[in-house]
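# Results of the structural survey
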Amino acid sequence: MRSQFSPVTQQTGLEVSRMDVSTQEPNHFQPLPIYEQLAEQIRNGIVGGEFPPESRLPSERDLAAHYRVSRPAVREAIGALQNQQLVMTRRGSGTYVCADALQRLRQAAPANQRGQADDSPISTLEVRLVLEPAIARMAARKGRRDERAEYYLAQMKGVKNIDIPAQQALWSESDRLFHRQLAVMTGDALMVRIADEVAKAMAQPLWQRLRDDGIYDAERIGLYVAEHQLIYESIITGDEDAAAFYVEQHLRRVRRDISG
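All figures in this text were calculated on a predicted structure; none of them were measured in a lab.

### Observations regarding helix α9 (residues 205–215)
Of all the positions in α9, only Leu206, Trp207, Leu210, Arg211, Gly214 and Ile215 are classed as buried. Buried residues along α9 cover an arc of 130° about the axis, so they all sit on one side.

### Quick word on the packing of aromatic side chains
Any two aromatic rings considered together are summarised by their centre-to-centre distance and by the angle between their planes. For the structure on display, the rule yields three aromatic pairs. The interplanar angle of 65° and the centroid separation of 5.7 Å between the aromatic rings of Tyr151 and Tyr152 together place this pair among those described as edge-to-face. An angle of 25° between the planes, with centres 6.4 Å apart, marks the rings of Trp171 and Tyr224 as stacked. Within this pair, whereas Trp171 is found in helix α7 (residues 165–184), its partner Tyr224 is found in helix α10 (residues 218–236), the two being separated by 53 residues in sequence. A relative accessible area of 2% places Trp171 in the buried class.

### Regarding helix α3 (residues 71–83)
Between its first and last C-alpha, α3 extends 18 Å over 13 residues, near the 18 Å set by a 1.5 Å rise per residue. At its buried positions, α3 is contacted by α1 (34–48), α2 (60–67), β1 (87–90), β2 (94–97), α5 (121–142) and α9. Just beyond α3, the residue with positive phi is Gln85, at close to 60°.

### Structural notes on the nonpolar core
The biggest cluster of nonpolar side chains holds 64 residues, and the ones touching the most others in it are Ile42, Trp171, Phe178, Met185, Ile221, Ile235 and Ile258. Considering every element that reaches this core, the biggest residue donor is α5, with eight residues. Sequence-distant contacts of Trp171, that is, excluding residues within four places in its chain, are made with Met156, Val159, Ile162, Tyr216, Ile221, Tyr224, Val225 and His228.

### With respect to the packing of α7 against helix α8 (residues 189–201)
At a closest axis distance of 8 Å, the pairing of α7 and α8 adopts a crossing angle of 170°. Comparing the axis directions of α7 and α8 gives the class roughly antiparallel. Every pair of crossing elements has a handedness; the one defined by α7 and α8 is right-handed. The segment α7 lies against α8, with Arg176, Arg180, Ala183 and Val184 engaging Met191, Val192, Ala195, Asp196, Ala199 and Lys200.

### Quick notes on the environment of Arg71
The residue Arg71 is located in helix α3 in this model. Arg71 gets classed as partly exposed once you look at its relative accessible area, which sits at 38%. Spatially, the C-alpha atom of Arg71 lies 7.7 Å from that of Ser259, the residues being 188 residues apart in sequence. Dropping the residues within four chain positions of it, Arg71 is found in contact with Glu60, Arg61 and Ala64.

Reading the values: rules and limits
The numbering scheme is per chain: residues are counted from 1 as the chain's sequence reads. Predicted model: local features are reported for residues with pLDDT of at least 70 only, side-chain atom pairs are reported and counted for 80 or more only, and whole-chain, interface and lining totals are derived from all residues. Side-chain measures were taken over the full set of non-hydrogen atoms in the model, leaving aside hydrogen atoms and water. Exposure is judged per residue with a 1.4 Å probe applied to protein chains only, and the accessible area is read against the type maximum: over 50% gives exposed, under 20% gives buried, and values in between give partly exposed. Only DSSP runs of H or I with at least four residues qualify as helices, and only runs of E with at least two residues qualify as strands; both kinds are numbered from the N terminus onward. An arc is given here, and it is the one of the directions from the helix axis to the C-beta atoms. In summary, the pairing rule links any two rings of Phe, Tyr or Trp, Trp by its six-membered ring, whose centres are within 6.5 Å, and it sorts them by plane angle into stacked for under 30 degrees, edge-to-face for over 60 and tilted for everything else. One less than the number of residues in a helix, times 1.5 Å, gives the span that helix is expected to have. Here a residue-residue contact requires only that any non-hydrogen atoms of the pair lie within 4.5 Å. We define the nonpolar core as a collection of buried residues of types Ala, Val, Leu, Ile, Met, Phe, Trp, Tyr and Cys that are connected through side-chain atoms lying within 4.5 Å of one another. What counts as an axis is a line fitted to C-alpha atoms, over the stretch in contact for a helix, and the angles between N-to-C directions run from 0 to 180 degrees. The cut-offs work like this: below 35 degrees is roughly parallel, past 145 is roughly antiparallel, 65 to 115 is roughly perpendicular, and the gaps in between are oblique. Each crossing gets its hand from how the near helix is turned against the far one by less than a right angle, where anticlockwise is left-handed and clockwise is right-handed.

Without other data, these values stay purely geometric and don't point to any function.
Structure, rendered in structure tokens:
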């Protein structure tokens, strides 16, 4: 890879001070996620000939070093490009630019006309690590059973073959809604609204892509089911400390599995 590639840098609210405040509302300023900055540089590299169609991209480690970003950010960027069908990953071989990537990019909308980028899955998990242990504690103070949470648990336990797309979809939706239901169990309407935003992030294509690549393994799924059961049992028995602990450990495991 050529050394002239510019590093990806974190955009911050400080950049608003350099903008024309008469034409730009500060409240509308949305920093571009690091992964999307990197994905855009790779897209530009495809158009500019640095990454020709059917060529293999540098490894995650090399991309992280050259662009000065974390490997999880590289993984998110690759996931976004996979969702756009610009690159494809072959197990044991690497990630390759799709043969029709240039054609797709020429037909795509300009960068400034694209919709809002998906939330970073790693950032989403960091928010969940702050939020969900507190939710579990609040729910444990109620110490009540919940039919919907038990239904989602049963759905997850019913997944027998995670390689089947329908089973993957069942797992994904049950997992997402189980975590949202924990907020419902707090009885706090504001907490539910906050949890709804997290649930929306977990329904985005980039979250689904990284989850598919990092989580869908029979052994891991069995472990996640057991962790969900421990979380629920701690809540309904009123054990706040255990509920918060099991949620945190579960989310840390998911973060490791997704970020690689």
